[in-house]
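One-letter residues, chain by chain:
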Amino acid sequence: MQKDYLHKIEVFENYQLVTFDYGHVVVRSDIVLSSLNYYGQAHGGYLFAMCDQISGLTAISTGYDAVTLQANINYLKAGNLGDQLTIEGTCSHDGRSTKVIDVLIKNQAEDLLAKACFTMYVTGEHQEDVSDQ
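Residues numbered from 1 in each chain as written. Predicted model: local features only at pLDDT ≥ 70, side-chain atom pairs only at ≥ 80, totals over all residues. Heavy atoms only, no water.

### Examining the sheet that holds strand β4 (residues 84-94)
Here's step 1: Pairing within the open sheet is antiparallel, and its six strands lie in the order β1-β2-β4-β5-β6-β3. On the outer flanks of this sheet lie β1 (16-21) and β3 (64-75), each paired with one strand and no other. Direction aside, the axes of adjacent strands within the sheet are offset by 20° on average.
Here's step 2: Running at roughly 145° to β3, helix α1 (residues 44-61) makes contact with β1, β2 (24-30), β3, β4, β5 (98-106) and β6 (112-125) of the sheet. (Pairing = 2+ DSSP bridges. Helix = DSSP H or I, 4+ residues; strand = E, 2+ residues; numbered from the N terminus. Axes fitted to C-alpha atoms, helices over the stretch in contact; angles between N-to-C directions. Contact = heavy atoms within 4.5 Å.)

Following this line, the structure appears as structure tokens:
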């Protein structure tokens, strides 16, 4: 392979936690070079990984740790280098064994880039790691 078609994808190299309320999390992040695919737009895997991370964080906001049981995503518009993204997770089902988290990714113009839905399996109560404090 003469050209390097595979790109290393990094997620959350830069981010700001905006909102961390019960069942609602908002994070901002910028699209950087390592976020791009071969065509110069935000890689779908990058967008999906951000949604997955926010889903887990939204589950934690309800007091529980959870892992992804099922997920789907709709890519609606391309993200470009320098775009400022807002990633918002909302818990639409707050069950004992599962949680359903809806995630939206918008750019600085409020254009909807992706919409995802995650079913999260609850693994237990969230315990704060004292080394993180």
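Having put the structure on the table, let's press on.
### With respect to unusual backbone geometry
Here's step 1: At glutamate 110, a position not held by glycine, the phi torsion is positive, near 70°.
Here's step 2: Inspection of the secondary structure assignment puts glutamate 110 in the loop between β5 and β6.

### A few points about the side chain of threonine 58
Here's step 1: Tracing the backbone shows threonine 58 in helix α1.
Here's step 2: Leaving out residues up to four positions away in the same chain, threonine 58 has contacts with Gly23, His24, Val25, Gly89, Thr90, Cys91 and Ile101.

### Structural notes on the UniProt feature "domain: Thioesterase" (unreviewed entry) in the chain
Here's step 1: Taken from the UniProt record, the annotation "domain: Thioesterase" (unreviewed entry) applies to residues 40-112.
Here's step 2: Segment residues 40-112 splits into 25% helix and 45% strand. End C-alpha atoms: 19 Å apart. (UniProt positions renumbered as here; feature names shortened; annotations may be inferred.)

### Here's the deal with the side chain of asparagine 37
Here's step 1: As for its position among the elements, asparagine 37 is in the loop between β2 and α1.
Here's step 2: Of the residues examined, asparagine 37 reaches a relative accessible area of 18% and is grouped as buried.
Here's step 3: Among residues more than four places away in sequence, those in contact with asparagine 37 are Ala42 and His43. (Buried < 20%, exposed > 50% of the residue type's maximum accessible area, 1.4 Å probe, protein only.)

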